[in-house]
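# A look at the structure
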Amino acid sequence: MERMQGEREGEGDPLERTSPLTDKERLMIQDSWAKVYENCDDVGVAILVRLFVNFPSSKQFFSQFKHIEEPEELESSVQLRKHARRVMSALNTLVESLDNPDKMASVLKLVGKAHAQRHKVDPVYFKILSGVILEVLGEEFPAVVTPEVGVAWTKLFATIYSGIKAVYEEVGWTKLSTSTG
C-alpha cells in the first residue's frame, strides 16, 4: 500500500499509533470539521469516489455500484450519495462526541459490528478510508486542514481505527478474503 499522508520514512503507519487528543487538537478538528460539514454531501461523494477509484477492491462490498467504473457515473449514483451521507453523519457524530468517550465507543461499536457481521468488510478498509479522507480534506480545504490540523485528524483516525479493530476482535472477525486492493 502506498505511504499515507503524514507518514514519514522510519515512523511506521501513523494510523496504528493511538494517543489521546489534546484539547487544542480536539478544537482544531471540530473547527475544521465545521467548515467541511457545510459541504458534507459533496465532500462525502468526493471521498467515496476517490476511495473507489484508487482502491477498486473496496467497491466489492457495494452491490448497487460495484460494477460502475467511471468516476462521473459514481458521482451521480443515488446509492453512493446515500452512503456518503451516512459516512459523513457518522464522522459528524464522532467529531461532536470528542469529549464523550462513551458516545464515541457506542458509534464505533455500531459501525464496527455492522461492517464486520453484516457487510463482511475487512477492517483494513477503515484504514484506507481514513487516508483517503485526510487526502481529500487536505486538497479541498487547504486553508482549513493545515499540516498541524492534519496531524490532529490522523490521531483521531488512529483512535477510530483502533476502536473499530477492537469491535471486530470482539465479534470474532475472521478474514474472509485476501483481496485488499
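So, here is what we can say about the structure in this document.

Parameters and conventions
Residues numbered from 1 in each chain as written. Predicted model: local features only at pLDDT ≥ 70, side-chain atom pairs only at ≥ 80, totals over all residues. Heavy atoms only, no water. 1 Å grid on protein atoms, 1.4 Å probe; cavity = no way out; pocket = protein on both sides within 12 Å on 5 of 7 lines; lining within 4 Å. Points joined across faces, edges and corners; volume = space filled by probe spheres on them. Helix = DSSP H or I, 4+ residues; strand = E, 2+ residues; numbered from the N terminus. Nonpolar A, V, L, I, M, F, W, Y, C, P; charged D, E, K, R; others polar. Axes fitted to C-alpha atoms, helices over the stretch in contact; angles between N-to-C directions. Parallel < 35°, antiparallel > 145°, perpendicular 65-115°, else oblique. Left-handed = near helix turned anticlockwise from the far one by under 90°. Contact = heavy atoms within 4.5 Å. Expected span 1.5 Å × (residues − 1). Buried < 20%, exposed > 50% of the residue type's maximum accessible area, 1.4 Å probe, protein only. Arc of directions from axis to C-beta. Phe/Tyr/Trp six-rings, centres within 6.5 Å; stacked < 30°, edge-to-face > 60°.

## Some points on the layout of surface pockets
Counted as a void, the largest pocket has a volume near 770 Å³. Taken together, 32 residues form the lining of the largest pocket, with H83, V87, V111, H115 and F126 sitting closest to its centre. If you list the elements that add at least two residues to the lining of the largest pocket, you get α2 (40–54), α4 (78–96), α5 (101–118), α6 (124–140) and α7 (147–170). The class makeup of the residues in the lining of the largest pocket is 23 nonpolar, 7 polar and 2 charged.

## Details of the packing of α2 against α6
Running from N to C, α2 and α6 cross one another at 125°; their axes reach a closest spacing of 9 Å. One way to sum up the angle between α2 and α6 is to call them oblique. Of the two elements, α2 crosses α6, and the hand of that crossing is right-handed. Across from V43, A46, I47, R50, L51 and N54 in α2, the residues of α6 making contact are I128, L129, V132, I133, E135, V136, L137 and E139. For the contact of α2 with α6, the class distribution of residues is 10 nonpolar, 1 polar and 3 charged.

## Here we look at helix α1 (residues 23–37)
Compared with the 21 Å implied by 1.5 Å per residue over 15 residues, the 21 Å span of α1 between its first and last C-alpha is a close match. Every buried residue of α1 is listed here: E25, R26, M28, I29, S32, W33 and V36. Down the axis of α1, the buried side of the element spans an arc of 160°, and every buried residue falls inside it. Turned more than 90 degrees off the buried face of α1, the exposed positions are D23, K24 and L27. Next to the buried residues of α1 lie α2, α4, α6 and α7.

## Side note on the packing of aromatic side chains
Across all of its chains, the model carries 9 aromatic pairs by this definition. For the pair W33 and W153, a centre-to-centre distance of 5.7 Å together with 55° between the ring planes defines the contact as tilted. Separated by 120 residues along the polypeptide, W33 in helix α1 and W153 in helix α7 bring together distant segments of the chain. With a centroid separation of 5.3 Å and an interplanar angle of 50°, the aromatic rings of F52 and F65 are classed as tilted. Taken together, the residues span a long stretch of sequence, with F52 in helix α2 and F65 in the loop between α2 and α3 (71–75) at a distance of 13 residues. Grouping residues by exposure puts F52 and F65 together as buried. Aromatic ring contacts, followed pair by pair, group W33, Y37, W153 and F157 into a single cluster.

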